[in-house]
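Here is how the chains run, residue by residue.
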Amino acid sequence: MTIARPRTLVAMSADVADRLLQAPVRSRLSTVADVDPGLVVTDFSQVDLTKVEVLFTSWGCPEVTAEVLDRAPALRAVVHAAGSVKHHLTDAVWQRGIAVSSAAAANAEPVAEFTLASILFANKRVIDIARAYREERRTGDWDRLYPGFGNYRKTVGVVGASRIGRRVIELLRPFDLDVLVSDPYLRDDLGVPTVGLDELVERSDVVSLHAPDLPETRHLIDVRRLARMRDGATLINTARAALVDQDALTRELLSGRLYAVLDHTEPEFLPAGSPLYDLPNVLVTPHIAGSLGGELARMADLAVDELARHARGLAFEYAVEPASLSRSA
């Protein structure tokens with residue numbers, strides 16, 4: 001098979017490029033494409049796009065508008081070395097039949113791993129016990145303090161059969177946990193019971209959110225559904241803050257009735273005076289569940305693999321279908 005090295009332009013923020021395009025990635029990228037990995041575009045108006053056949057993008061890529069495409073008549077594909085393409089690809093890209101690939105599958109892995117760890121720690125009451133042990137410097141009667149704590153036969157409810165939600169279900173299979181899933185768009189069998197959202201929040205010891213941020217999912221977990229959660233249950237949000245009525249959740253957390261692991265909040269970085277920082281039943285992290293540090297290499301490798309497939313004339317393995325965008329992140 002003849003392999004043509006497509007003329008490729010790197011488009012993302014300079015900071016992302018510094019972290020994403022490490023030496024091994026740059027070497028592979030130069031092998032499969034006609035590209036200058038050192039040229040990182042943050043403004044399409046400043047470069048000649050006439051001969052560009054592929055855009056290699058990531059976070060911070062400027063919008064690919066109809067005007068940009070008019071200046072890029074040879075463009076045939078966009079390879080996105082990150083998750084969602086909604087932030088930079090406009091309708092014009094789909095209207096012109098440009099093929100698009102995303103590394104969302106690679107970005108899903110660390111989020112699912114973070115979620116798995118959060119679930120196991122939540123049921124085991126690790127954060128509570130570690131805090132008490134640190135403060136009191138002696139062991140305690142943990143069975144009395146946390147009756148029934150542990151993971152055996154606990155119920156985990158997964159909200160959203162997204163790529164991440166499905167991966168969480170897979171990672172939970174080796175454990176003696178009962179898993180439920182709720183998703184109005186789910187049509188295939190994931191090997192766990194599918195239930196309505198109200199039933200899921202009522203039955204679950206841990207509720208983990210993996211639905212997209214859409215108008216119809218705003219405050220999916222509202223005051224009514226929070227009230228339905230079991231006393232002592234944990235809400236995990238590694239999806240988007242808009243899925244939860246944060247004021248209602250804060251009231252429940254202040255009462256001590258529920259626990260929460262929040263990787264997304266509104267605003268994204270909480271003000272210094274937020275009570276969520278200090279509550280003993282809350283773990284707040286600053287949007288770290290997704291790909292960071294060494295995990296960026298997984299996304300970069302997948303994207304280069306996709307570019308190599310395109311160079312060989314093959315369809316993308318991780319193609320983005322425009323019809324799915326209305327119900328995806």
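On a predicted model such as this, the values are computed, not experimentally measured, just so you know.

Colleague: Looking at this model, I keep getting lost on the sheet that holds strand β4 (residues 77-80). Mind explaining?
Modeller: Within a sheet, each strand pairs with its neighbour through backbone hydrogen bonds, oriented either parallel or antiparallel. Read across the sheet, 5 strands follow the order β2-β1-β3-β4-β5 without closing on themselves; strand pairing throughout is parallel. Two strands lie at the open edges of the sheet, namely β2 (40-41) and β5 (99-102), each paired on one side alone. Inspection of the sheet shows strand β3 (residues 54-57) paired to β4 by 4 bridges, in the parallel sense. Across the sheet, residue Leu-55 finds its bridge partner in β4, namely Val-78.

Colleague: Hey, could you run me through the UniProt feature "domain: D-isomer specific 2-hydroxyacid dehydrogenase NAD-binding" (unreviewed entry) in the protein chain in this one?
Modeller: Under the UniProt annotation, "domain: D-isomer specific 2-hydroxyacid dehydrogenase NAD-binding" (unreviewed entry) lies at residues 132-289. Taken end to end, residues 132-289 is 27% helix and 16% strand, and its two terminal C-alpha atoms sit 26 Å from one another.

Colleague: It is not clear to me how the pairing of β4 should be interpreted in this structure. Could you clarify?
Modeller: In summary, the side chains of a regular strand alternate between the two faces of the sheet. Burial of β4 is two-sided: the residues Ala-77 and Val-79 facing one way and the residues Val-78 and His-80 facing the other way are all buried. In the sheet, β4 pairs with β5 via 4 bridges, with the strands oriented parallel. Paired with Val-79 across the bridge in β5 is Ser-101.

Colleague: It is not clear to me how a nonpolar patch on the surface should be interpreted in this structure. Could you clarify?
Modeller: Judged by side-chain polarity, Phe-121, Ile-127 and Leu-283 come together as a nonpolar surface patch covering roughly 250 Å² of accessible area. Of note, Leu-283 is situated in strand β11 (residues 282-284).

Colleague: Hey, could you run me through unusual backbone geometry in this one?
Modeller: Note: most peptide bonds trans; most residues except glycine with negative phi. Geometrically, the link from Glu-266 to Pro-267 is a cis peptide bond, its omega value of -5° lying close to zero. Within the fold, Pro-267 resides in the loop between β10 (259-262) and β11. Non-glycine residue Arg-137 carries a positive phi angle of around 55°. By secondary structure assignment, the location of Arg-137 is in the loop between α6 (126-136) and α7 (142-145). Residue classification places Arg-137 among the exposed residues on the basis of a relative accessible area of 67%. Phi is positive for His-219, which is not a glycine, with a value near 55°. With respect to the helices and strands, His-219 occurs in the loop between β8 (206-209) and α10 (223-228).

What counts and how
- Residues numbered from 1 in each chain as written.
- Predicted model: local features only at pLDDT ≥ 70, side-chain atom pairs only at ≥ 80, totals over all residues.
- Heavy atoms only, no water.
- Pairing = 2+ DSSP bridges.
- Helix = DSSP H or I, 4+ residues; strand = E, 2+ residues; numbered from the N terminus.
- UniProt positions renumbered as here; feature names shortened; annotations may be inferred.
- Buried < 20%, exposed > 50% of the residue type's maximum accessible area, 1.4 Å probe, protein only.
- Patch = residues over 30% accessible without salt bridge, like charges linked within 9 Å, V, L, I, M, F, W, Y side chains within 5 Å.
- Areas by Shrake-Rupley, 256 points an atom, 1.4 Å probe, with all protein chains shown as cover.
- Salt bridge = Lys/Arg side-chain N within 4 Å of Asp/Glu carboxyl O.

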